[in-house]
Amino acid sequence: MGKAKKSTKKFNQRHLKDELERRKEHKKTQKLVQKREVKKKRKANGSADDGEEVFTGVEEIDDLAGFAESVPKGALAKLDLSKFVEADPTAAGGDDASDDEDIATLLKGGEDDDDDDMPSDSDPEDGGSDVEIGGDDEEDDDEEAVFKRELEAVSKKDPKFLEFMKKNDPSSLAILEDEDEGSEEEDEDDEEQDEPEGEEEEQDEDAAMSDAEESGSSKATVVTSKMLDDWEKDITKNQSIKSLKRLLLALYSASHMESENENAPQTPYRIEGMRIFNKTVTASIRTAPKAFNHYAPIVNDKVAQKSGKKWGIAQALIKSYLVSLLELLKQMSDPAMIQYLIKESERMIPYFVCFTRYTREFVKELLRLFGSASVDDGVRILALLSLRRLVSLSPSEVADIALKGIYLTYVRNSNVKTIANLTTIQLMRNCGVELYGNDANASYQHGFVYIRQLAIHLRNSMQLRSKESFRAIYNWQFINSLNFWTEVLATYCGDRAEEQPQLCATLESLVYPLTQIILGVARLVPTAKYFPLRIHCISQLLRLSSATGIYIPILPMIIEVLESPEFLSRRPLNSTLKPLSLDSQLKAPKEYEHTRVYLEIVLESVFGLLADAIATQSVRIAFPEWVVPAVLQLRRWRKRAGKSWSRFSKQLQGLLEKIEQSSLMVVQKRNKVDFGPANLTGANQFMSDISADATPIGAYANSLRKVKAQQRATMVEAEMEK
């Protein structure tokens, strides 16, 4: 190679670095321009780009990368998936700080840079989000203008009262006293309806003025039991707005008692003693909803009219009441009191829906209670019921936040430490599955995004093949995430498919990629140490196959465990260790490796899964032929390892007998049919009137499940007694 010229050396020293930077910037600009052109074409054509990989759930996927880099198409191509990755389920409003954890961190798989192919709402050329934001701003401007005019009217009448309002929280405290003009109009209406009440209303006005003067002073009025009784009586009989305002001010003071000790703004009323506190809360909860229903009646779970004079009077009062309820929910620690407040808050859901900010705060609080370790199962169930009703009445934005929030809350709390944790995790999983049955499109969007993220983590682990990458997959949060989506698909594509056919048709395309992920996880590290994890994966596949009726090749995975050298060639170590529960384990503890105690527990679980897997196909017309390869391999294993595992050899002999009896039963039924193999409809309806548990192998598998359930219940009781 020739010597470099002097001019070349000078260029390299002086200009090469700048030239390289310029070229990099030019490439970035070109990529941005190309992306914008692609987006414009998508909007114009309304279809996916030809150069992208597309996943429909129908075509074959040879590896996990196919699903990890895919996007939906067809009828679901217009669904926007990016907002579920960016949305914050705990955001209470635009001004509140967001502390949402990314799902990648939760699964301990590191940051993910493969989401560039997902559509994004942050593109400056996309005007969809701007329209929504503009609509909210217009509503806020209207409310601020009305509030400002009322403040100006009050400032002319009572400057001292205005100073008091400026020092305190105007959105929650002063907002209760800025409706003087509206209350005077209401008083005139009351006088027209019932003239004898006119004198009482004039006395109320005088009392309100005196209260305002007192609230402007440095001393707050101490709430007494007589005051609460008078307010409640006046609200019940006369629908008095002034008494309702005072009661709600007292409730606000009660709900912010702890904040008052920390330099909180002064309130017009002060609560002293738990007796007055309890009476204030109960009186408010007992009377306020009825009063709200008078001014803003609820019809078919919706506020009948959100405009007019009555709504203008009630709006500020409803906001204050909702703020106080949310504050009480945050402060309470007694489970009975929390359940009571959740039930009362559920009655106010039609009013929560009228205010987006308070709806988000309510969702955030329900999710906090749902995932709290200090509450009991009753609180979790009530939180789910309230959340489900809130989602059914709210816009799709709230449904998206709730669905993402309940999944992330479940993942955060899905780390199994003892067998006693399994019951709580199972309850949380069932609650999350219930919430995913409300909206088909939203459930598909979330399912697609999160199953795709699981595929990305597994693909990265397969490529890196390191301890850290394996640890990102072999942990309880990842496995329980698979359990969650398995239960969602098994429930709505199997158990409840007839109840919700649209949801079943929408979610069914996710069964195949989820199955591929579970198979990949089971075979990622195929060693005896991780037999418990493989058993968990096989259980998930069994649940998915038996519920949906989709055939999944499970028997080869089970027989791979039986043909391990641990059972065929290596002599197990004798040990005096106590039996191990595989339900709370993903891998064998070091002291249990290669021991007879551990391997016997594995064999018990494997034979139970083997019976279940065969029983699910025992009513199929091809069962006698389908089961032949498995029978041959099981007989071969019994001949080779039967002497070392004599107890399980006898159990396997009983299993083989039940298989033979079931095969004979199917053959006898098959001899009576009058259709040929080409008649798929007749083949699918073969023995449709007989349950799988009614066959000999099904009854045998059912008995094994009952024994296992009793053993698990005993272990849970023993764990709880410690």
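You'll find the structure just up there.
Residues numbered from 1 in each chain as written. Predicted model: local features only at pLDDT ≥ 70, side-chain atom pairs only at ≥ 80, totals over all residues. Heavy atoms only, no water.

## Some points on the overall build of the chain
Point 1. Within the chain, the secondary structure is distributed over 34 helices and 6 strands.
Point 2. Among the 722 residues that make up the chain, the fraction classed as buried is 46%.
Point 3. Within the chain, residue pairs in contact and separated by at least 24 positions form 75% of the contacts whose partners lie at least 6 positions apart.
Point 4. Carbon and sulfur atoms make up 49% of the accessible area of the chain, which amounts to about 37500 Å² in all. (Helix = DSSP H or I, 4+ residues; strand = E, 2+ residues; numbered from the N terminus. Buried < 20%, exposed > 50% of the residue type's maximum accessible area, 1.4 Å probe, protein only. Contact = heavy atoms within 4.5 Å. Areas by Shrake-Rupley, 256 points an atom, 1.4 Å probe, with all protein chains shown as cover.)

## Overview of the packing of aromatic side chains
Point 1. Considering all chains together, one arrives at 22 aromatic pairs under this definition.
Point 2. Here Y410 and F484 contribute two aromatic rings whose centre-to-centre distance is 5.2 Å and whose plane-to-plane angle is 40°, an arrangement assigned as tilted. Of the two residues, Y410 is situated in helix α19 (residues 396-412) and F484 in helix α23 (residues 476-495); the sequence distance between them amounts to 74 residues.
Point 3. Measuring from centroid to centroid gives 4.8 Å for Y474 and Y530, while their planes differ by 55°, and the two rings are tilted. Note that Y474 is positioned in the loop between α22 (467-473) and α23 and Y530 in the loop between α25 (511-522) and α26 (531-548), a separation of 56 residues in sequence. (Phe/Tyr/Trp six-rings, centres within 6.5 Å; stacked < 30°, edge-to-face > 60°.)

## Describing the packing of α19 against α23
Point 1. Two numbers describe how α19 lies on α23: the axes approach to 9 Å, and their chain directions differ by 140°. Here α23 runs oblique to α19, going by the angle between their axes. The two elements α19 and α23 meet at a crossing, and its hand is right-handed. Here α19 contributes Y407, Y410, V411 and R412 to the contact with α23, which in turn contributes Q477, N480, S481, N483, F484 and W485. (Axes fitted to C-alpha atoms, helices over the stretch in contact; angles between N-to-C directions. Parallel < 35°, antiparallel > 145°, perpendicular 65-115°, else oblique. Left-handed = near helix turned anticlockwise from the far one by under 90°.)

## Regarding the nonpolar core
Point 1. F292, W485 and V521 are the most contacted members of the largest nonpolar core, which totals 181 residues.
Point 2. For this core, the leading source of residues is helix α29 (residues 596-615), giving 14 residues.
Point 3. Non-local contacts of V521, meaning those with residues more than four positions away in its chain, are made with L458, I473, Y474, F478, I479, L482, L533 and C537. (Core = buried A, V, L, I, M, F, W, Y, C linked by side-chain atoms within 4.5 Å.)

## Quick word on the pattern of salt bridges
Point 1. Within this structure, the stated rule accounts for 27 salt bridges.
Point 2. Residue R647 is joined to E600 by a salt bridge in which the shortest nitrogen-to-oxygen separation is 4.0 Å. You can see R647 sitting in helix α32 (residues 646-670) and its partner E600 sitting in helix α29, a full 47 residues away along the chain.
Point 3. Residue classification places R647 among the partly exposed positions, given a relative accessible area of 44%.
Point 4. Bridged by salt links that share partners, the residues E19, R22 and R23 form one connected network. (Salt bridge = Lys/Arg side-chain N within 4 Å of Asp/Glu carboxyl O.)

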